[in-house]
Amino acid sequence: THTEGFTPDTTGPIMTMATAPYIITSSAATAASNHAFGKRQFVCKSIILLLISNLCSPTEAFAPPRSIRYGANQQGCRVPSASTPSELFASTMATTASSVGSRMLINENYPGLKRVNSNPDVFVIEQFLDDASCDDLINKAKEKGTSRSPVAYAGWTEDIKELLGLAATGPVSWFSILGAWYEAQGDVEASVPSLVLHALRNYAVLFVVALVGIAAFTKFRADSLQNLRTSSSTTLDDLSQMGAKNFVLRASDLFDPASSSSSSDMPAASFFEAPTVIKYEKDQVLAPHYDANRSADVEDANRGGQTLSTLIVYLNDVENGGTTRFGKLPAADFERQVKGERNLNIIPKRGDALLFFPADKNGMFDERTEHEGCPAVDEKWIARIWRHADLVPTPFGMSLDSIKNHL
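Predicted model only: the values in this text are computed from it and were never measured.

This part takes up the confidence of the model for the protein chain. Looking at the protein chain, the pLDDT average stands at 76 and 67% of residues meet or exceed 70. The low-confidence segment residues 1-37, where pLDDT is below 50, has 13 contacts with residues more than four positions distant or belonging to other chains. Note that pLDDT drops below 50 for residues 51-92; the model gives that stretch 115 contacts with residues more than four away or on any other chain.

Here it is as structure tokens:
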């Protein structure tokens with residue numbers, strides 16, 4: 001017996017009319033297979049090039065994430081929710097001092113003004129408010145009623161922008177291209193245009209998924225910040241009340257409206273948020289935080305923009321606990337500095353004020369002014385005014401009519 005196309009006495013194939021069609025057909029199939037393989041190779045190479053170009057593109061999304069995140073309450077506190085103080089100090093203090101400009105102007109001859117730190121400036125103002133004004137602020141806050149100091153998420157716009165940039169140029173792009181590559185496997189008709197269409201479709205779907213995930217993460221982060229502040233507070237915007245009126249009057253004498261970015265012919269108090277009275281009971285705290293906001297131009301546009309200065313008045317004497325600590329500033333040679341503490345840590349005294357500047361006069365955020373309300377042992381009452389870069393409208397500020405009628 002013998003195989004068709006071969007004779008018993010030869011070793012080479014003999015082409016006959018019967019075998020010719022088979023050989024021709026086999027050659028065509030081989031050529032088609034090679035062509036399809038070449039196309040898949042080209043598509044795969046294109047995918048690899050897309051991945052390499054994506055990985056190597058110089059985008060800010062691949063820069064190290066910002067070391068600071070901020071949370072804030074509607075009356076004020078910007079709370080860092082990531083990184084330890086030592087990490088923040090090491091990564092930022094070297095550049096902060098050189099990048100932050102001069103502070104806003106104040107009345108340097110104000111009675112009782114004492115500098116306890118320079119660069120950044122921190123002042124204590126002795127006997128800023130009399131006892132009657134302090135008592136009135138406490139009593140009016142009790143009458144109105146205080147509630148848990150609320151916390152909102154400051155800097156959320158920057159965080160969302162950063163996370164979206166990272167997702168869009170990172171995982172979303174990678175999985176879109178890899179998904180298109182997987183879909184191209186086994187498709188002999190695959191081409192670069194079809195690859196691009198598959199990748200774009202995958203990108204759209206994955207970007208929406210990423211957007212939903214980032215929104216959920218932001219909401220979770222905002223909710224979790226509340227535990228960092230346990231005090232209660234209320235605002236007093238009625239300037240017919242003696243305590244609030246005197247507080248705003250003295251603050252107006254202290255601050256110079258000429259340092260505002262808005263018209264300086266407006267009353268100084270029109271740049272203030274309404275006085276906020278805050279109560280700390282035993283063990284209540286305010287975690288290390290900032291009073292300025294990197295995203296103030298966007299997030300605080302409706303409340304006067306950036307916070308240029310913080311003025312705090314201690315409304316009662318506090319024998320134990322409740323100190324105000326600046327974790328990035330050195331201890332002061334000052335009688336009310338906590339002894340044995342290496343950082344600036346001020347013991348409250350009734351009627352005295354604490355003045356510092358969370359941002360420079362141009363609104364540049366100053367990380368060195370991070371501060372905290374240490375755990376209270378005795379009950380502690382303070383009142384606070386924030387001086388903003390621009391006019392503060394109601395309900396955050398006081399009405400112009402009220403300012404003109406009572407001050």
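Here the focus is the pattern of salt bridges. Enumeration according to the criterion identifies 16 salt bridges in this entry. Between Asp121 and Arg103 there is a salt bridge; the shortest N-O distance is 2.7 Å. You can see Asp121 sitting in the loop between β3 (113-117) and β4 (122-125) and its partner Arg103 sitting in the loop between α2 (85-99) and β3, a full 18 residues away along the chain. Looking at Asp121, the relative accessible area reads 15%, which means it is buried. Within the structure, one salt-bridge network assembled from shared partners comprises Arg103, Glu108, Arg115 and Asp121.

Where helix α3 (residues 131-144) contacts helix α7 (residues 242-254), the two axes come as close as 7 Å, and the packing angle between them is 120°. Between α3 and α7, the angle is such that the two are oblique. In the packing of α3 onto α7, the handedness of the crossing is left-handed. Where α3 abuts α7, its residues Ala132, Ser133, Asp136 and Leu137 lie against Met242, Gly243, Ala244, Asn246 and Phe247. When the residues that make up the contact of α3 with α7 are grouped by side-chain class, the tally is five nonpolar, three polar and one charged.

In this section: the sheet that holds strand β8 (residues 286-289). Read across the sheet, four strands follow the order β8-β13-β10-β11 without closing on themselves; strand pairing throughout is antiparallel. With partners counted over all chains shown, the strands left at the sheet margins are β8 and β11 (343-346), one partner each. The mean inter-strand angle of the sheet, taken between neighbouring strand axes irrespective of direction, is 15°. The pairing of strand β10 (residues 324-330) with strand β13 (residues 371-373) spans two bridges and is classified as antiparallel. By the bridge assignment for β13, Arg325 is matched with Glu372.

Relative to the assigned elements, Leu195 resides in helix α6 (residues 192-224). Residue class for Leu195 comes out buried when judged on its relative accessible area of 3%. Along the sequence, Leu195 and Gly179 sit 16 residues apart, while their C-alpha atoms lie 9.6 Å from each other.

Scanning the model with the defined rule gives six aromatic pairs in all. Ring geometry for Phe255 versus Phe272: centroids 5.7 Å apart, planes at 70°, classification edge-to-face. One end of the pair, Phe255, is in the loop between α7 and β7 (276-280); the other, Phe272, is in the loop between α7 and β7, with 17 residues separating them in the sequence. Across this residue pair, the class does not change: Phe255 and Phe272 are buried. When the ring of Phe326 is compared with that of Phe356, the centres are 5.1 Å apart and the planes differ by 85°; the resulting orientation is edge-to-face. One end of the pair, Phe326, is in strand β10; the other, Phe356, is in strand β12 (residues 353-356), with 30 residues separating them in the sequence. Assigned by exposure class, Phe326 and Phe356 land together as buried. Put simply, the rings of Tyr110, Phe128 and Phe247 touch in pairs and so form one group of aromatic residues. Taking the ring centre of Tyr280 as reference, the NZ or CZ of Lys380 above it sits at 4.9 Å. One Lys or Arg, Arg384, reaches over the ring of Trp386 and ends 4.6 Å from the middle of that ring.

Of note, Thr310 is situated in strand β9 (residues 307-314). Separated by 2.8 Å, the side chains of Thr310 and Asp291 make a polar contact. Excluding residues that lie within four positions of it along the chain, Thr310 makes contacts with Asp291, Leu354, Leu355, Phe356, Pro358, Arg384, Ile385 and Trp386.

All right, on to α7 then. It helps to recall that an α-helix has 3.6 residues per turn; residues three or four apart then point in one direction. Given a rise of 1.5 Å per residue, 13 residues ought to cover 18 Å, and the 18 Å separating the end C-alpha atoms of α7 matches this to within 8%. Among all positions of α7, only Gly243, Ala244, Asn246, Phe247, Val248, Ala251, Ser252 and Leu254 are buried. Taken together, the buried residues of α7 touch β4, α3, β9, β12 and β14 (380-388).

In this section: the side chain of Asn117. With respect to the helices and strands, Asn117 occurs in strand β3. For Asn117, a relative accessible area of 8% corresponds to the buried category. A polar contact of 2.7 Å, which involves the side chain of Asn117, links it to the backbone oxygen of Pro120.

Turning to α3, a few remarks are in order. For α3, with 14 residues, the first-to-last C-alpha span of 20 Å sits near the 20 Å given by 1.5 Å per residue. Of the residues that open α3, the one with a side-chain oxygen 3.1 Å from the backbone nitrogen of Ala132 is Asp130. Gly145 lies just past α3 and shows a positive phi near 95°.

Rules behind the numbers
Residues numbered from 1 in each chain as written. Predicted model: local features only at pLDDT ≥ 70, side-chain atom pairs only at ≥ 80, totals over all residues. Heavy atoms only, no water. pLDDT = per-residue confidence, 0-100. Contact = heavy atoms within 4.5 Å. Salt bridge = Lys/Arg side-chain N within 4 Å of Asp/Glu carboxyl O. Helix = DSSP H or I, 4+ residues; strand = E, 2+ residues; numbered from the N terminus. Buried < 20%, exposed > 50% of the residue type's maximum accessible area, 1.4 Å probe, protein only. Axes fitted to C-alpha atoms, helices over the stretch in contact; angles between N-to-C directions. Parallel < 35°, antiparallel > 145°, perpendicular 65-115°, else oblique. Left-handed = near helix turned anticlockwise from the far one by under 90°. Nonpolar A, V, L, I, M, F, W, Y, C, P; charged D, E, K, R; others polar. Pairing = 2+ DSSP bridges. Phe/Tyr/Trp six-rings, centres within 6.5 Å; stacked < 30°, edge-to-face > 60°. Lys NZ or Arg CZ within 6 Å of the ring centre and 35° of its normal. Polar contact = N/O pair within 3.5 Å; in protein donor to acceptor, adjacent residues only side chain to side chain. Expected span 1.5 Å × (residues − 1).

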